[in-house]
Amino acid sequence: MKNIFKLVLLIMTIATVAVAAPQEKKGVRKDRSTLPIKIKSNDLAADNKGRIAVFTGKVVARHDDITIYSEKLMVYYAEKQGDVEKIVAERNVRIVQDNRIGTSEHATYESKQGLITLTINPKVMQDNDTVTGKVIRYYLDEDRSVVTSEGSTRVEAIIHPKPRKSDAAPLK
């Protein structure tokens, strides 16, 4: 039972792209699309009519306590005042939040839906624990995640029990 609880906690920590802000009401979706994002890269190509900005080369994006590293990052803007609609990271994606790290070759964050999707070899690690699958989806505002498999790619979770106080070595 403790292992199942730890697995659920591990999967819930996949919130690696958006702000983990307190919510006023449980179940209320928080629109994060207007929060600032600081992005550094080697190059930037912006298309105002197409409402997209493409950052390439050693991209580092910081959004509150979350940092996204990738080779390419595309920011899609909504029609309304340039709010961020979606962020797509490609190639060597690494997302860091506190002691959690998510890696993949492709990641999408849909800010209005509060959804993070990791694909192409996705893996999430927290301390020594890991979870992998074909697709990892995390619904930020619902504290819910879904890890799916496909074909021969199965979901795998490795959970290391935390030492209990009673397991500690006796004091001399």
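What counts and what doesn't
Chains are numbered independently. Their residues run from 1 in the order of the written sequence. For this predicted model, a pLDDT threshold of at least 70 governs which residues receive local features, and a threshold of 80 or more governs which side-chain atom pairs are given and counted, while totals over whole chains, interfaces and linings are taken from all residues. The side-chain quantities take in all heavy atoms of the structure and omit both hydrogens and water. What counts as a helix is a DSSP run of H or I of at least four residues, what counts as a strand is a run of E of at least two, and both are numbered from the N terminus. Only protein chains enter the area calculation, which uses a 1.4 Å probe; residues under 20% of their type maximum are buried, those over 50% are exposed, and those in between are partly exposed. Contacts were defined at the residue level, with two residues in contact if any of their heavy atoms lie within 4.5 Å. Residue burial considers only the protein chains on display, and all accessible areas are found by Shrake-Rupley using a 1.4 Å probe. When the centres of two rings from Phe, Tyr and Trp lie within 6.5 Å, Trp using its six-membered ring, the rings pair. Their planes under 30 degrees apart give stacked, over 60 give edge-to-face, and anything left gives tilted. We count a charge as sitting over a ring when the NZ of a lysine or the CZ of an arginine lies within 6 Å of the ring centre and within 35 degrees of the ring normal. N or O atoms closer than or at 3.5 Å make up a polar contact, with two conditions inside protein: a donor-capable atom paired with an acceptor-capable one, and, for residues adjacent in sequence, both atoms drawn from side chains. Buried Ala, Val, Leu, Ile, Met, Phe, Trp, Tyr and Cys residues form a nonpolar core when they are joined through side-chain atoms within 4.5 Å. Here, a strand pair is defined by DSSP locating no fewer than two bridges between the strands. Confidence scores labelled pLDDT are given residue by residue by the predictor and lie between 0 and 100.

Participant: So what's going on with the overall build of the protein? Residues and values would help.
Facilitator: Looking only at helices and strands, one finds 1 helix and 12 strands in the protein. Overall, the protein shows an N-to-C arrangement of helices and strands of α-β-β-β-β-β-β-β-β-β-β-β-β. Within the protein, the fraction of its 172 residues that count as buried is 36%. A sequence separation of at least 24 residues applies to 41% of the contacts in the protein between residues at least 6 apart. If you sum the accessible surface of the protein, you get close to 10,700 Å²; carbon and sulfur atoms cover 51% of it.

Participant: Talk me through the packing of aromatic side chains; I want residue IDs and the actual numbers.
Facilitator: Taken as a whole, this structure holds 0 aromatic pairs when the rule is applied. Seen from the ring of tyrosine 76, lysine 86 lies directly overhead, with NZ or CZ sitting 5.0 Å from the centre. For arginine 94, the ring lying beneath its charged end belongs to tyrosine 69, and the centroid distance is 4.1 Å.

Participant: Give a description of the environment of aspartate 129 that names residues and reports values.
Facilitator: Considering the arrangement of structural elements, one finds aspartate 129 in strand β9 (residues 129-132). According to the relative accessible area criterion, aspartate 129 is buried, its value standing at 6%. Considering only alpha carbons, one finds aspartate 129 and alanine 157, 28 residues apart in sequence, at a separation of 7.5 Å. A distance of 2.7 Å separates a polar atom in the side chain of aspartate 129 from the backbone nitrogen of histidine 160.

Participant: Residues and numbers for the nonpolar core, please.
Facilitator: Judged by nonpolar contacts, the single largest core of 21 residues is most densely connected at Phe55, Ile68, Leu73, Ala89, Ile95, Ala107 and Leu118. Counting residues per element, this core draws most heavily on strand β5 (residues 84-97), at 5 residues.

Participant: Run through the pairing of strand β11 (residues 144-148), naming residues and quoting values.
Facilitator: Of the two faces of β11, only the one carrying Ser145 and Val147 is buried; Arg144, Val146 and Thr148 on the other face are not. Two strands pair when backbone bridges link them, and strand β10 (residues 135-139) and β11 are joined in this way by 5 bridges, in the antiparallel orientation. Directly across from tyrosine 138, in β11, lies its bridge partner serine 145.

Participant: Would you mind going over the pairing of strand β6 (residues 100-110) in detail, with residue names and values included?
Facilitator: Pairing of β5 with β6 involves 10 bridges; the strand directions are antiparallel. Looking at β6, one finds that isoleucine 95 is bridged to glycine 102. Connecting β5 to the antiparallel partner β6 that follows it, the hairpin turn spans 2 residues, and aspartate 98 within it adopts a positive phi of roughly 55°. For β6 and strand β8 (residues 123-126), the ladder comprises 4 bridges, and the chain directions are antiparallel. Bridge pairing in β8 places isoleucine 101 opposite methionine 125. Bridge count for β6 against strand β7 (residues 115-119) is 5 bridges, and the pairing is antiparallel. The residue of β7 that forms the bridge with threonine 108 is threonine 117.

Participant: So what's going on with the confidence of the model for the protein? Residues and values would help.
Facilitator: Summing up the model confidence of the protein, the mean pLDDT is 78 and the portion of residues at 70 or higher is 73%. Low confidence marks residues 1-26, where pLDDT is under 50. Its contacts with residues over four positions away, or in another chain, come to 62 contacts.

Participant: Can you lay out the side chain of serine 104 for me, pointing to particular residues and giving the numbers?
Facilitator: Within the secondary structure layout, serine 104 lies in strand β6. A relative accessible area of 5% places serine 104 in the buried class. A polar side-chain atom of serine 104 sits 2.8 Å from the main-chain carbonyl oxygen of histidine 106. Setting aside its immediate chain neighbours within four residues, serine 104 contacts Asn92, Val93, Leu118, Thr119, Ile120, Asn121 and Pro122.

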